[in-house]
Structure formats: C-alpha cells, structure tokens
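A look at the structure
Residue-level listing of the chains:
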Amino acid sequence: MPGEPLIYGRGLVKQFGTVRAVDSIDFAVERGEAFGFLGPNGAGKSSTMRMIACVSPRTSGDLSVLGLDPDRDGARIRGRIGVVPQEDSLDLELTVRENLYVYGRYFDLPRSELRPRIEQLLRFAQLTERGDDRVEPLSGGMKRRLTIARSLINEPELLLLDEPTTGLDPQARHALWDRLYRLKSQGVTLVLTTHYMDEAEQLCDRLVVMDRGTVAAEGSPQGLIGRYCTREVVELRFGPGESERHADKVADIPERIEVLPDRLLLYTDQGDATVEAVQRRALAPVSVLVRRATLEDVFLRLTGRQLVD
Amino acid sequence: MATPPALRATQYFLLAYRRTWRASIMSTFVSPLLYLLAMGVGLGSFVNKGGGAASLGHMGYLQFVAPGLAAANAATAAAGESTFPVMGGIKWTRTYFAMLATPLRVVDVLAGHLTWIGARVAMAVAPYLIVMAAFGVTPSPEAAAVLPAGILVGMAFSTPLVAFAATQDNDGSFSLVFRLGMIPLFLFSGVFFPVSVLPVGLRVIAYATPLWHGVELCRLLTLGRLGAASAAVHAGYLVALAVVGAVIASRTYTRRLRT
C-alpha cells in the first residue's frame, strides 16, 4: 500500500517485571528515510529496537514492520531486514568470509549467490584484504564494519543499527557514517539508536528523543533545535563555583539562561549582540564563546543533566 | 531446494568444528580407545582367567565392557557438547543471538544445535563399533544398531542438559555436573561390572539412571539378545527423557533468548 509507513508503532509497551522499559510510545518511519531513536542510557531505545527486529515480543500496543505483525510474521520480517546489534556477535574463530557465509546460510541463500555477494560486501566494508583472516585480531572498527556487511547479506530494505559507532575512534566513526550514507542513497531505510548528538545530526532525517521509556520530542534535528532551543548559545566561563553570583547580572539579556558550576549558558538568537550586552555589564569572564545551538542542547534540555545509571 | 531452518543452524556448528576438530580427536577417539584396550584387553585377561566370564554370562570381558564404554562415551560426549557450547551461544560468541536476528526461530536454533550434538555423539560411538568388529566381539548383526542406540543415549543426556545450561549465568555449575553427575554414572552404571554385584540400595539407584539403561541397550544389541520387552523398557526410558528434556529446553531457551 503506498503511503503506508514502513514501521508503525502505537501505544507500544515493553515491560520487564515491574519495570516499564518502553511506556506507550507512538512513532512512524517512512520508506527511504534515516530515523533515529535518541536518548540517555535506559531510555528504552534498545528495547524498542529489539521489538522492531522481532527478537523481543511486545507487552502491548500496536506494531507493524513492513506491513506485517512481528508476533505472527517474525521470521518473514527478519528475512527482509538487516540488524546491527549493540554487542557484536561475530564468531572470532572463523574467518571474515566464513562469518559472512554462515550468516548468509541462515537466510538460506545458496552458495552460488553468496560467493559474489560476499566479495561485493567485503569491498563495501573495505575488508577485502582481510577476507581470509580470523576475526579475532581485527580492530574494533573493522569488526563493526564486518557486522554491518553481515547485516546486508540478505539485501535488506530496512537496516536497524543499535548504537553502531559506540566505542570507535573518530576515523572509524566517519568511515562508518560514509558507508551508511551510501546505503541511504541506495534507498535503504535506516533506523538507528545513538547517544551521540553529532551522529544523530549527521545521519538522521528525523528522530525521536526518548526519556524514561517515553517519547519526549519528535522532529528533524533542525526542527527540534528551532522548537526547543535558540539559534545560538553564548557560553561565559568563570572560575569554579563563581558563575552563580554573576547570573543575576545578565539574566535579563538572553531568552533563557542556564547556570552551571563554572559556566553561564545564554540562549539567544543573536549571539554577537548578546556578547556586546554582556560586555557593557562589566563582568570579567575567563572566556566568552559564541556557538550555534546543537542537538545536544535540545537533548540536555529535554532529558536533564542528571546522570542516569 | 530450501534447507530446513534447523539444519542451517547445524551448518554453523559444522563450520566451527572444522576449525577445532584436531583438538577433539584426543577426547573423542584416542582416550576412549585407550580405555577399551586397558580395560577390555588388559584387565579383561585377568577377569576371563578368574572365572569372570562365567559370572558375566559366558562372554569375554572385552565383549562385556566395549558396548558399555560406547554408551558411556556417548553420554560423556553429549554432556560436554550440551553445556559449554550452550553458554558460548548465549554469552561468549553470542552465536544464538546472531542466528535469531535472521529468519531462524528459537526452536530452529535449539533443534539445529541438538542435531549437531547428535552428530558429535555418533562420532564418539563409531570408533567403538569399529574396534569391536576388529576384535570380533560383535556376534550379532544387530550390533550395528549400537550407533543409533548410542545417539539415543546422547540425546537423553543432551536435552535436559541444554535445558539446564540455558538457565545458567556462567559455566561454574558445569564442573559440578561432571564431578557429581557424569563421573559417578560412568563408574556405577554397569559399564565395568554388572550392577547385580552392588548392594541392593545402590542397585536400585543404578536402575533408575539413564546410563544404566543405555549400557544395557547397547550390550544386549551387540549380543543379539535384546528382547521386545527390554527394548521397550530401555529405549522407552531414554526416549521419554530426551522428549521431556526437549520440551523443557524449548521453554528455557525461549525464556533466555526472547526477552
């Protein structure tokens, strides 16, 4: 049916004992877009992903993936999607090629079809030279690229990535993002979870911010910044513990002010004008920084600055 | 032609085994054969001279001990394959989770792994048949049925053990399974001497254990003395244990893997 979302959740709940990991969320993912679930640890992102991947039965609510019901058609849905789990599940004793081959066999792909596809995926993942090496000595970035290559063995129309770049160095992250852009341009729908704001801003057309099992906000990265934040942020840095006594002197200048122990954050649409106004008040901050507002500002506003453990 | 989903899971274990088969040769082939030679031929020469043959029902000790060892080795191999590799699938390599991200279902993963364990048990039993044939202690044509009988013994041990292993958080309990379960069974299930020589209390316990039924089944088959009644009792007991274990395993697997 045209116009039907590729994934659709309404009132979706996942309960573990007395804990509601996912507490009645609504969302829809359209074909061809890159959609993100953003949130701190324990927000319910992975539980949501596992329900979409048809490996975790939902407690209640509606969920449809590729127009099918995961409770009834789990195996059929899994045959048409690719999954990059949070924790690698590669066999370290087998070679790179063997890992791809055996995974392809789970989908019942014949050897004749798998052979050329494995070579193509090795090129895609920049692992051709390591094809016959055991997986164990590969770097974290290589293992992650192999896991992504593996998830593409069945040429999925939908790819689910649970924290795809956690634990990777910047080079490896950028290499991975580059691969994901390519997939997206080929028409693969991407759904990912992350707690990296730059990753969400780089990759996602649309995202939901999750907090304590619920959806706190939904929109495009720019739309969310426009709705929940100002265009720019002026950061005034003071000595440790000194920022609070300066706060009153400038509180009337920006649209909103946030007081951190060593910094004042002034949320404003005109950064330079705000800086000038601050300078007229004769404060002596250690440093002054004007920057664009980011998704991180939105995220911290919506989910708070307290540590979640 | 489509490969059944469970056999696609079995293919993984086969591929992984091709990397490690050399290490398993010692435990599944060489040590059992050393046992067979030391017990059947070495100790056997004493037993046979000392009138043991008469009390064993007029057979040589090798003939007595070989099918018993075949059954015991089937049980031991099954126990090894049904504990640590299950923990590996859940926690170490997380292979089970890789499989479950694909069209394979929990029952396919379980059935596929059990199929592989059955194949490993067959590899553990086959050398006994070959040695018995070489020493001429397989008078009955039914002796070839020791192979499927051995696989049945293996399954009777395997399904309850994989069901248990899937509930564990680490491999700490597995050494207890071997020390308190497998080794006493190995020694007191009629492999090396008839359980009729045990005091009556221990004898009753022995009759209740799966390995005794497995040993009797294999021994009667090699002698061609397996009647319908004892076949029904021994095989029936082992089939029942394997089926009950499989039912429980499908529950513990589902609880562990589909949260």
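Remember, predicted model here, so these are calculated numbers, not experimental data. (Residues numbered from 1 in each chain as written. Chains lettered and ligands numbered in written order. Predicted model: local features only at pLDDT ≥ 70, side-chain atom pairs only at ≥ 80, totals over all residues.)

**A look at helix H6 (residues 106-134) of chain B**
The test is simple: For helices the rule is a DSSP run of H or I covering at least 4 residues; for strands it is a run of E covering at least 2, with both sets numbered from the N terminus onward. Here a helix's expected span is defined as the number of its residues, less one, multiplied by 1.5 Å.
An ideal rise of 1.5 Å per residue puts 42 Å on 29 residues; H6 of chain B measures up with 43 Å between its terminal C-alpha atoms. Gly136 of chain B lies just past H6 of chain B and shows a positive phi near 65°.

**What to know about the packing of H6 of chain B against helix H11 (residues 228-257) of chain B**
All names here are of chain B. To keep things clear, this is the line we draw: Only C-alpha atoms enter the line fits that serve as axes; for helices the fit covers just the stretch in contact. Angles between N-to-C directions range over 0 to 180 degrees. Under this scheme an angle from 65 to 115 degrees is roughly perpendicular, one under 35 degrees roughly parallel, and one over 145 degrees roughly antiparallel; angles in between are oblique. Crossing chirality is assigned from the near helix's rotation relative to the far helix, an anticlockwise turn below a right angle marking it left-handed and a clockwise turn marking it right-handed. Residues are scored as being in contact if the C-beta atoms we place from backbone atoms lie within 7 Å.
At a closest axis distance of 10 Å, the pairing of H6 and H11 adopts a crossing angle of 125°. In terms of axis orientation, H6 runs oblique to H11. Seen from above, H6 lies across H11 with right-handed handedness. Of H11, the residues touching H6 (which contributes Val106, Val107 and Leu110) are Ala249, Ser250, Tyr253, Thr254 and Leu257.

**Comments concerning the interface of chain A and chain B**
Interfaces are often sized by the amount of accessible area the parts lose when they come together. Applicable threshold: Ten residues, namely Ala, Val, Leu, Ile, Met, Phe, Trp, Tyr, Cys and Pro, are considered nonpolar, four, namely Asp, Glu, Lys and Arg, are considered charged, and the remaining ones, Gly among them, are considered polar.
Across the contact, 22 residues belong to chain A and 22 residues belong to chain B. Every element with two or more residues in the side of chain A that touches chain B is listed here: helix H2 (70-80) and helix H3 (96-106) of chain A. Residue contributions to the side of chain A that touches chain B peak at five residues, all from H3 of chain A. When grouped by side-chain class, the residues that make up the side of chain A that touches chain B number 12 nonpolar, three polar and seven charged.

**Some points on the sheet that holds strand E6 (residues 158-162) of chain A**
Residue and element names in this part refer to chain A. Stated formally: Pairing between two strands is assigned when DSSP locates at least 2 bridges connecting them.
Taken together, six strands build an open sheet; the order of strands is E5-E6-E7-E3-E8-E9 and the sheet is mixed. In this open sheet, the two edge strands, each paired with only one partner strand, are strand E5 (81-84) and strand E9 (214-219). Going across the sheet, the axis of each strand differs from the next one's by a mean of 15°, ignoring polarity.

**Points about the domain arrangement of chain A**
Operational definition: Boundaries between domains were set according to an automatic or database domain assignment.
For chain A, the domain assignment lists domain 1 (7-219) and domain 2 (230-292). Centre-to-centre, using C-alpha coordinates, domain 1 of chain A lies 41 Å away from domain 2 of chain A.

**Describing the confidence of the model for chain B**
Residues and elements named next belong to chain B. Our working rule: pLDDT gives the predictor's per-residue confidence on a scale running from 0 to 100.
On average, chain B scores 92 in pLDDT, and the residues at 70 or more come to 100%. Confidence, read as mean pLDDT per element, is least for helix H2 (residues 52-55) in chain B (76) and greatest for helix H7 (residues 146-165) (98). Two numbers describe this predicted complex: its pTM, 0.92, and its ipTM, 0.92.

**Section: the sheet that holds strand E1 (residues 7-16) of chain A**
Residue and element names in this part refer to chain A. Reading across from one edge, E2-E1-E4 is the order of the three strands in this open sheet, with antiparallel pairing throughout. Only two strands of the sheet have a single partner each, and these edge strands are strand E2 (19-29) and strand E4 (60-65). The average undirected angle you get between the axes of adjacent strands in this sheet is 25°. Both E1 and E2 contribute to a ladder of eight bridges, which runs antiparallel. Within E2, the position partnered with Gln15 by the bridge is Arg20.

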